[in-house]
Amino acid sequence: MRRIGKPDRIVIIGGGISGLSSAFYLQREAERQGKDIEITIVDGAPAFGGKINTLQRDGFVIEKGPDSFLARKLAIIDLATELGLENELTTTNPGAKKTYILHERKLFPMPPGLVLGIPTEIGPFVKTGLLSWGGKLRALMDLVIPVRKDESDESLGGFLERRVGNQVMRRIAEPLLAGIYAGDLKKLSLQATFPQFGASERKHGSLIRGMQHNRKATAAANSLPAVAKGGTFLTFKGGLSTLVNALDQALSKAHRRLGTKVLEIKRHTGSSDASHDELSSELQAARYEVVLDSGESLLADRIVMTAPAYDAADLLEPLTDCHELRGINYVSVANVVMAFDKATFGLDFDGSGFVVPRSEGLHITACTWTSNKWLHTSPDDRVLLRCYVGRSGDEESVRLPDAELIKAVRRDIEETMGIKANPLFTEITRLPRSMPQYPVGHLTNMKALRDRLEKELPGIWITGAAFDGVGLPDCIRQGKEAAQAILQ
Ligand code: FAD
């Protein structure tokens, strides 16, 4: 049902990076195609950004959510360029390339050539003290053990254990990949998280050989724009909120409803009230009514849903079956940022930080030496550390009262690095149910859900971190795809 001669009303639920990107590309594409649309973005939070939240404090740039993005995933660089932000991009300190892994309370440098936890250079891998000889041999058996015939999805942990063994999985891959999913690898879908691993096995008969090949191919392709060649990770000098603020400004024509949640989506039944003729005809023409907790109702011809799966399920379940959304579990995490005076800190860093395997039994899952990894984040005479807490099956620490959480984290950094200095200040950020865990079968589940929505709730699009990639560039790509699909 379309309103002749009137703009299509599109309501975007969620003003995180997925919602803002959808809005940006909708606005831009509609202008290009000469289509008239009316966009309204609704978010329960008082400001845009969702998980992205940069704090500027005492000369520090502090990220309370994500802190950077993968340079090789170009959707975010394209967006930054369109927004005129390419000169705001910055990369990691070239002098801080080393990353450490904690093992039996000692920090071991990550062996060179490790890609996503998989060895692509055998020499340094064989020399690492992180694994026993048995563990190394088991990993190298990947070069000869047969390929799995069944191409159906399996768990990421099961796959890694099968190919490179339990030690590599638990001591290296899981803590490294925890930064992305905070997950239990045995519960995550291989196909939805690292499909390139499975493809490597099938194409090269071995994960190690496949990753070696991919690494060489990426280096040879050299097709990345100059800005993406500076380092593996990029961010903005003023923090990731730079991107959010630029999107906010660029969305000149979009309406905003901030600090108000969507309570309900009503499928429009076509009821009319004869005493309000104009309003009634508007209502009849709309497919949906989006009810806000402010008491307001928005009429919508199309809806872009970017809320986390559990919020999306609350809103869509009364309209149709969406059990697949309930199957996506979310892990709660927190981070504790501590600023120190360099003069009294008592330690010099030669890398970017370390990750902590589950078996170490600490509260922290990783510690970024932020002031050394990202030089723009701190005044020269200061040190900034960011400690991460919480992962799948170990979320109690996230709920500790502030004083106890700080005590636990300080105990961990003293035990691992010998840091006894008192912080100048501490910033705690808790992100309850923030890390989606794509279950085995996720891709099939999402396809089934999208097909059902298309039939039963035409005009409603679901997109964002819960669906097809959690990284910022993936969310932007999904926002763009949603915009293109809507305008087709
Ligand atoms: P969100 O940012 O969650 O936005 C969804 C929005 O929907 C929220 O603002 C919420 O308020 C709103 N909403 C929900 N329900 C309703 C409702 N009923 N009515 C109105 N509004 C509603 N990725 C990287 O690439 N690099 C990193 O370094 C990185 N680090 C991360 C660190 C942490 C601690 C976390 C949690 C994630 C990290 N990620 C990182 C992942 C990335 O930040 C997220 O996947 C991404 O920001 C999600 O964006 P989104 O718009 O899909 O969802």
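Residues numbered from 1 in each chain as written. Predicted model: local features only at pLDDT ≥ 70, side-chain atom pairs only at ≥ 80, totals over all residues. Heavy atoms only, no water.

**Q** When you look at the nonpolar core in this model, what are you seeing that I'm missing?
**A** Side chains that are nonpolar tend, in soluble globular proteins, to be buried together. Grouped together as the largest cluster of nonpolar side chains are 40 residues, with contacts concentrated most on L26, I41 and L243. Looking at this core, the elements with two or more residues in it are β1 (8–13), α1 (17–33), β2 (37–43), α2 (75–82), β11 (233–236), α10 (241–250) and α18 (472–487). Excluding residues within four positions of it along the chain, L243 makes contact with I17, I76, L79, L83, L85, F236 and I476. Grouped together as the second largest cluster of nonpolar side chains are 32 residues, V290, L292, A300 and A313 included. (Core = buried A, V, L, I, M, F, W, Y, C linked by side-chain atoms within 4.5 Å. Buried < 20%, exposed > 50% of the residue type's maximum accessible area, 1.4 Å probe, protein only. Helix = DSSP H or I, 4+ residues; strand = E, 2+ residues; numbered from the N terminus. Contact = heavy atoms within 4.5 Å.)

**Q** Help me understand the site of the ligand, please; the structure alone is not making it clear to me.
**A** As a structural note, the neighbourhood of the ligand is formed by 32 residues, with S18, D43, K51, S68 and V470 the closest of them. Contact between the ligand and G44: a nitrogen atom at 3.2 Å from a main-chain N or O atom of the residue. At a separation of 2.5 Å, an oxygen atom of the ligand approaches a polar side-chain atom of K51. The protein chains hide 89% of the 1000 Å² of surface that the ligand would expose on its own. When residues of the shell around the ligand are assigned to domains, at least three map to each of domain 1 (8–50 + 243–328 + 438–487) and domain 3 (329–437). (Near = heavy atom within 4 Å. Polar contact = N/O pair within 3.5 Å; in protein donor to acceptor, adjacent residues only side chain to side chain. Areas by Shrake-Rupley, 256 points an atom, 1.4 Å probe, with all protein chains shown as cover. Domains from an automatic or database assignment.)

**Q** Would you explain the packing of α2 against α18 in this entry?
**A** Packed helices, taken two at a time, are described by the angle their axes make and the gap between the axes. Relative orientation of the contacting elements α2 and α18 amounts to 70 degrees, with a least axis distance of 7 Å. Looking at the two axes, α2 sits roughly perpendicular to α18. Packed against α2, whose contacting residues are A75, I76 and L79, the element α18 presents L472, P473, I476 and R477 at the interface. Per-class residue counts for the contact of α2 with α18 are 6 nonpolar, no polar and 1 charged. (Axes fitted to C-alpha atoms, helices over the stretch in contact; angles between N-to-C directions. Parallel < 35°, antiparallel > 145°, perpendicular 65-115°, else oblique. Nonpolar A, V, L, I, M, F, W, Y, C, P; charged D, E, K, R; others polar.)

**Q** Sorry, what's going on with the sheet that holds strand β19 (residues 364–368) here?
**A** Each strand in a sheet pairs with another by means of backbone hydrogen bonds, the pair being arranged parallel or else antiparallel. Within the open sheet, the 7 strands sit side by side as β8-β7-β18-β19-β20-β17-β21. Their pairing is mixed. Single-partner strands in this sheet number two, and they are β8 (106–109) and β21 (425–437). In this sheet, adjacent strand axes meet at a mean angle of 20 degrees when their direction is disregarded. Here strand β18 (residues 351–355) runs beside β19; their pairing, made up of 3 bridges, is antiparallel. Bridging from a neighbouring strand, V355 pairs with A366 of β19. Here helix α5 (residues 156–181) sits on the sheet and contacts β7 (98–103), β18 and β21; the angle it forms with β21, its principal contact strand, is near 95 degrees. (Pairing = 2+ DSSP bridges.)

**Q** Sorry if this is basic, but what is going on with the environment of V337 here?
**A** Position of V337 relative to the elements: it lies in strand β17 (residues 329–341). Judged by its relative accessible area of 2%, V337 falls in the buried class. Counting along the chain gives 31 residues from V337 to T368, while the straight-line C-alpha distance between them is 9.4 Å. Among residues more than four places away in sequence, those in contact with V337 are I62, E63, L384, L385, R386, F425, T426 and E427.

**Q** Any chance you could explain the sheet that holds β2 here in plain terms?
**A** The sheet built from 5 strands is open, its strands ordered β12-β2-β1-β16-β22 with parallel pairing. In this open sheet, the two strands that pair with only one neighbour each are β12 (255–258) and β22 (460–462). Along the sheet, successive strands turn relative to each other by an average axial angle of 15 degrees, direction set aside. As paired elements, β1 and strand β16 (residues 302–305) share 4 bridges and run parallel to each other. Its bridge partner being in β16, V11 is matched across the sheet by I303. Lying on the sheet, helix α12 (residues 309–316) is in contact with β1, β16 and β22; it crosses β16 at an angle near 150 degrees.

**Q** Where do I start with the packing of aromatic side chains in this structure?
**A** Aromatic ring pairs: the centre-centre distance and the angle between the two ring planes describe each pair. Using the criterion set out here, one finds 13 aromatic pairs in the structure. On the numbers, 5.1 Å between centres and 80 degrees between planes, the contact of F24 with Y25 is edge-to-face. For the pair F24 and Y25, one class covers both residues: buried. Through a chain of ring-to-ring contacts, three or more aromatic side chains come together here, namely Y100, F340, F345, F349, F354 and W369. Above the ring of F425, the side-chain terminus of R57 is found at 3.8 Å from the ring centroid. The ring of F233 is capped by K373, whose NZ or CZ atom sits 5.5 Å from the centre of that ring. (Phe/Tyr/Trp six-rings, centres within 6.5 Å; stacked < 30°, edge-to-face > 60°. Lys NZ or Arg CZ within 6 Å of the ring centre and 35° of its normal.)

**Q** Explain the pairing of β1 to me, please; I cannot follow it from the model alone.
**A** In summary, the side chains of a regular strand alternate between the two faces of the sheet. In terms of residue burial, β1 counts as a mostly covered element, since 6 of its 6 residues are buried. Of the two faces of β1, the one holding D8, I10 and I12 and the one holding R9, V11 and I13 are both buried throughout. When β1 meets β2, the two strands line up parallel, connected through 6 bridges. Directly across from V11, in β2, lies its bridge partner T40. In the classification by handedness, the crossover that spans β1, the intervening α1 and the parallel β2 is right-handed. (Right-handed = clockwise from strand over helix to strand, strands pointing away.)

**Q** Would you mind showing me how to read the environment of S359 here?
**A** Its location among the elements puts S359 in the loop between β18 and β19. Relative accessible area serves as the criterion here: at 64%, S359 is assigned to the exposed category. Remark: the alpha-carbon pair of S359 and L102, spanning 257 residues in sequence, is separated by 10.0 Å.

**Q** Help me understand the pattern of salt bridges, please; the structure alone is not making it clear to me.
**A** Proximity of charged atoms lets side chains of opposite charge pair with each other. As enumerated under the stated definition, the model contains 39 salt bridges in all. The residue E154 makes a salt bridge to R162 at a minimum N-O spacing of 2.8 Å. The class for R162 is partly exposed, based on a relative accessible area of 24%. Note that D474 and R477 form a salt bridge whose closest N and O atoms lie 3.4 Å from each other. With D474 and R477 both in helix α18, this residue pair falls 3 residues apart, about one helical turn. With a relative accessible area of 11%, D474 lands in the buried category. Ionic contacts of the salt-bridge type, sharing partners, join the residues D142, R148, D150, E154, R162, R163 and E201 into one network. (Salt bridge = Lys/Arg side-chain N within 4 Å of Asp/Glu carboxyl O.)

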